[in-house]
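Okay, here's what each chain looks like letter by letter:
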Amino acid sequence: MADQTSTTNAWPANSVPTDLIPPGRKRLGWALMAVATLGLLATILVQILYKSEVDTIGFETWRPVVYAYVLWGVALGVGQVLTRGEDGQRALFLLPALLFTIAMVIFPTLFGFYIALTDWNLSSFSGRKFNGLDNFWQMLGDPYYRNALFNMVLYVLAVLVEYVIAFGLALLLNAQIRARKFFRVVFLMPLMLSPVAVSWMIGKSLMEYRFGPAATLARHLGWDNPAFFSNPITARISIMMLDAWTFIPFMMIMLLAGLQAMSREVLEAARVDGATAWQTFWQVTFPLMLPVSVTAVVLRIIFKLKLADIIITVTSGGPGGATDSVSSFIYREYRDRSNVGYGTMLAMAYLVIIVVFVTWLLKVANRFVRNVN
């Protein structure tokens, strides 16, 4: 037994345990990584001071910083091999992902927080200057931003209605109905279209208040002025309907996949025990579908938090910002006012809100599924 354990934990024949690496080789590896890290930080600091006009020594472009970053990555890989031996060679496979994450995620995020603390406006000739928390205080007192946050609450709550409709459609398409495959394709078609195309087809043409078929039908039903996008309430409801029409098939296909994977024996056992159709659904199907349902709802909420394209295309946030989502409001802040500093502050604050909300949502969803099961 002891021999088997030692064989399982033994090092490969061509590997060197970390504690057997010569101390001089380890010191060389640590020194290489330290020098490369200090060199990269020094290059970045010199360039920031130069671009901020604090110092006259620097580079005209950011290309030397990129070179220093690449050298730092190479030194980090070599240093890992020198200090950790076989483990360091395995770590080399993670190095590209680490460098990509730093370059494409961490650096843009840090740069975004820096821009959020400046008064950068593309229409101004004064350039970019640090203004501390001025953008943050402006955001707290901005009624249009608060209205956009309120709209996001309404839009997210609409996901529950979408879920009920999607579940009903999934049950329908899972039943033995005539032309089931045809209806599955038809119900999936909205998901194949771009939200911008849907906005033009339905929002701009079908619901147009003068000649649109929906407006004409509303007049025949007694609505004198069916201007769907002129009234704040009807405009919000119309945006929700357009968004739901586009993305309900997404939830439906996930729920349908869950229904298809469900064990038939469980449902047949419920019928044999005398359960009605409603009892079978409420006491068997719905609890078994909860993990899929929670996943579909959480993913849909995450998509909903990014809602912007339909609003920008149909109403541009109007009337008077009544239909603005946070994303569309930030977009108009960039596009209409060229206010990069304030827009970035709004985006960074919204990023923090989303991270906190989604983290809380996932915890609640996991706890809910565990308690039910």
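Above this note sits the structure.
Conventions adopted
- Residues numbered from 1 in each chain as written.
- Predicted model: local features only at pLDDT ≥ 70, side-chain atom pairs only at ≥ 80, totals over all residues.
- Heavy atoms only, no water.
- Axes fitted to C-alpha atoms, helices over the stretch in contact; angles between N-to-C directions.
- Helix = DSSP H or I, 4+ residues; strand = E, 2+ residues; numbered from the N terminus.
- Left-handed = near helix turned anticlockwise from the far one by under 90°.
- Contact = heavy atoms within 4.5 Å.
- Nonpolar A, V, L, I, M, F, W, Y, C, P; charged D, E, K, R; others polar.
- Parallel < 35°, antiparallel > 145°, perpendicular 65-115°, else oblique.
- Salt bridge = Lys/Arg side-chain N within 4 Å of Asp/Glu carboxyl O.
- Buried < 20%, exposed > 50% of the residue type's maximum accessible area, 1.4 Å probe, protein only.
- 1 Å grid on protein atoms, 1.4 Å probe; cavity = no way out; pocket = protein on both sides within 12 Å on 5 of 7 lines; lining within 4 Å.
- Points joined across faces, edges and corners; volume = space filled by probe spheres on them.

> Would you take a moment to explain the packing of helix α7 (residues 143-174) against helix α14 (residues 290-304) for this structure?
Two measures define how a pair of helices packs: the angle their axes make with one another and the distance between the axes. Running from N to C, α7 and α14 point in directions that differ by 145°, and their axes come no closer than 10 Å. As for how α7 packs across α14, the hand of that crossing is right-handed. Residues Met-152, Tyr-155, Val-156, Val-159, Glu-162, Tyr-163 and Phe-167 of α7 touch α14, and the partners they reach there are Ser-293, Val-297, Arg-300, Ile-301 and Lys-304. The class makeup of the residues in the contact of α7 with α14 is eight nonpolar, one polar and three charged.

> Help me understand the packing of helix α3 (residues 63-84) against helix α5 (residues 95-115) in this model?
In contact at an axis separation of 11 Å, α3 and α5 are set at 150° when each is read in the N-to-C sense. Considered as vectors, α3 and α5 are oriented roughly antiparallel to each other. As for how α3 packs across α5, the hand of that crossing is right-handed. Residues Tyr-69, Trp-72, Gly-73, Leu-76 and Gly-77 of α3 form the contact with α5, whose participating residues are Leu-95, Leu-98, Leu-99, Ile-102 and Ala-103. For the contact of α3 with α5, the class distribution of residues is eight nonpolar, two polar and no charged.

> What is the right way to read the environment of Gly-318 from this model?
Tracing the sequence through the fold places Gly-318 in the loop between α15 (309-314) and α16 (326-337). Spatially, the C-alpha atom of Gly-318 lies 36 Å from that of Phe-183, the residues being 135 residues apart in sequence.

> Got a minute to help me understand the pattern of salt bridges in this structure?
Here the idea is simple: oppositely charged side chains can pair when their charged atoms come close. Following the criterion strictly, the structure yields eight salt bridges and no others. For Arg-335, the salt bridge identified is with Asp-336, shortest N-O distance 2.8 Å. Residue class for Asp-336 comes out partly exposed when judged on its relative accessible area of 45%. One salt-bridge network, in which partners are shared between bridges, spans Glu-162, Asp-243, Arg-300 and Lys-304.

> Which parts of the structure should I look at to understand the layout of surface pockets?
Volume-wise, the largest pocket comes out at about 1,000 Å³. If you go around the largest pocket, you meet 24 residues; those closest to its centre are Ile-44, Ile-48, Trp-62, Phe-107 and Phe-111. Looking at the lining of the largest pocket, the elements that each hand over two or more residues are α2 (23-51), α3 and α5. With seven residues, the top contributor of residues to the lining of the largest pocket is α5. Here the second largest pocket is characterised by a volume of approximately 380 Å³. If you trace the second largest pocket, you find 15 residues lining it, with Leu-171, Leu-267, Arg-271, Thr-280 and Thr-285 closest to the centre. For the lining of the second largest pocket, the elements supplying multiple residues, two or more each, are α7, α12 (264-272) and α13 (277-288). When residues of the lining of the second largest pocket are assigned to their parent elements, the largest contribution, five residues, is made by α13.

> Mind showing me how you'd approach the environment of Gly-274 here?
With respect to the helices and strands, Gly-274 occurs in the loop between α12 and α13. Each C-alpha atom of the pair Gly-274 and Ser-205 lies 51 Å from the other, and the pair is 69 residues apart in sequence.

> I tried to follow the side chain of Ser-199 on my own but got confused; where do I start?
One can find Ser-199 in helix α9 (residues 195-206). Given the relative accessible area of 0%, Ser-199 is considered buried. Beyond its immediate stretch of four places on either side in the chain, Ser-199 contacts Lys-204, Ile-310, Thr-313 and Val-314.

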